[in-house]
Amino acid sequence: MLALEAKTVYDILCALTGDTEVYKIIDADEVIEKLPAEVRLSKIQLSQIIRDLKDREYIDVKYFTPDEYCLQIVRRVEVPAQQVQQAAPAAAVKEQRVPYGEKKQKEEAKAPAVRKGAVFLMAFLGSLLGSAIIAAVAVILIKFVLK
């Protein structure tokens, strides 16, 4: 949830940008003029709130200076706290806890079995191939460069 100042600034930015999903250049003085009397912000505080809104992905900012902002509103639906609290117990009932041992057994049953011999063989062949490449590079260097 947003703080009172951030929510107010977000609402003002929504009103200034409209419903179009394009970047708009907004002047900081415009936003400050539209703030209610009980919420007074300086340009620095406004800039901090806009950064916070950007970090929380409420807005997308191309660039901003202390005097103007080029931003786009990302439409989000705020879920009231009461709905979240009502949905939480319902979700908890649906989720059933599985003991760790049973969960591990289920995961092992799903995963294809890899034999230890196959892993050793692939590792051994990989090391042989790598050694052969290094030996070939060394021979070429000795033969052509150090002559």
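Right, let's walk through the structure included here. Source: prediction; values computed, not measured.

Cut-offs applied
- Residues numbered from 1 in each chain as written.
- Predicted model: local features only at pLDDT ≥ 70, side-chain atom pairs only at ≥ 80, totals over all residues.
- Heavy atoms only, no water.
- Helix = DSSP H or I, 4+ residues; strand = E, 2+ residues; numbered from the N terminus.
- Buried < 20%, exposed > 50% of the residue type's maximum accessible area, 1.4 Å probe, protein only.
- Contact = heavy atoms within 4.5 Å.
- Areas by Shrake-Rupley, 256 points an atom, 1.4 Å probe, with all protein chains shown as cover.
- Patch = residues over 30% accessible without salt bridge, like charges linked within 9 Å, V, L, I, M, F, W, Y side chains within 5 Å.
- Salt bridge = Lys/Arg side-chain N within 4 Å of Asp/Glu carboxyl O.
- Phe/Tyr/Trp six-rings, centres within 6.5 Å; stacked < 30°, edge-to-face > 60°.
- Core = buried A, V, L, I, M, F, W, Y, C linked by side-chain atoms within 4.5 Å.
- Pairing = 2+ DSSP bridges.
- Expected span 1.5 Å × (residues − 1).
- Arc of directions from axis to C-beta.

As for the overall build of the chain
Now for step 1: Each helix and strand in the chain was counted, giving six helices and three strands.
Now for step 2: Going from N to C terminus, the chain has its helices and strands arranged as α-β-α-α-β-β-α-α-α.
Now for step 3: Out of the 147 residues in the chain, the part that is buried amounts to 20%.
Now for step 4: Expressed as a percentage of contacts within the chain between residues at least 6 apart in sequence, the contacts between residues at least 24 apart total 54%.
Now for step 5: Looking at the chain as shown, the accessible area adds up to about 11600 Å², and 61% of this sits on carbon and sulfur atoms.

Section: the environment of Q48
Now for step 1: Tracing the chain through its elements places Q48 in helix α3 (residues 43-55).
Now for step 2: For Q48, a relative accessible area of 46% translates into the label partly exposed.
Now for step 3: Taking the C-alpha atoms as reference, Q48 lies 9.6 Å from A6; in sequence the two are 42 residues apart.

Focus on a nonpolar patch on the surface
Now for step 1: A contiguous nonpolar surface patch, about 950 Å² in accessible area, is contributed by L129, I133, V137, I140, L141, I142, F144, V145 and L146.
Now for step 2: Structurally, L146 is set in the segment after α6 (116-145).
Now for step 3: With relative accessibility at 63%, the residue L146 sits in the exposed group.

A few points about the packing of aromatic side chains
Now for step 1: Applying the stated criterion across every chain, the model contains three aromatic pairs.
Now for step 2: With a centroid separation of 5.3 Å and 75° between ring planes, the pair formed by Y10 and Y58 is classed as edge-to-face. Of the two residues, Y10 is situated in helix α1 (residues 4-17) and Y58 in the loop between α3 and β2 (59-64); the sequence distance between them amounts to 48 residues. Grouping residues by exposure puts Y10 and Y58 together as buried.
Now for step 3: Summarising the aromatic geometry, the rings of F120 and F124 are spaced 6.2 Å apart at their centres and angled 20° between planes, so their arrangement reads as stacked. With F120 and F124 both in helix α6, this residue pair falls four residues apart, about one helical turn.

Considerations on the nonpolar core
Soluble globular proteins tend to pack their nonpolar side chains together in the buried interior.
Now for step 1: Among the nonpolar cores identified, the biggest contains 24 residues, and V9, L13, L46, L53, I59 and L71 are the most heavily contacted of them.
Now for step 2: Listing elements by their share of this core, those giving two or more residues are α1, α2 (28-34), α3, β2 and β3 (68-73).
Now for step 3: Per element, the largest residue contribution to this core is seven residues, and it comes from α1.

Some points on the pairing of β3
Now for step 1: The element β3 is largely enclosed, with a buried count of five among its six residues.
Now for step 2: Bridge count between strand β1 (residues 24-27) and β3: four bridges; the pairing is antiparallel. When the bridges of β3 are listed, D27 appears paired with E68.
Now for step 3: Inspection of the sheet shows β2 paired to β3 by five bridges, in the antiparallel sense.

Regarding α3
Now for step 1: Under the 1.5 Å per step criterion, the end-to-end length of α3 is 18 Å for 13 residues, consistent within 8% with the ideal 18 Å.
Now for step 2: Residues of α3 that are buried: L46, S47, I49, I50 and L53. The buried residues of α3 occupy an angular sector of 160° when projected down its axis, which confines them to one face. Opposite the buried face of α3, by more than 90 degrees, sit the exposed residues I44 and D55.
Now for step 3: Looking at the buried residues of α3, the elements they touch are α1, α2, β2 and β3.
Now for step 4: Positive phi shows up at E57, right after α3, with a value of about 65°.

The quantities given are spatial measurements derived from coordinates; they are silent on function.
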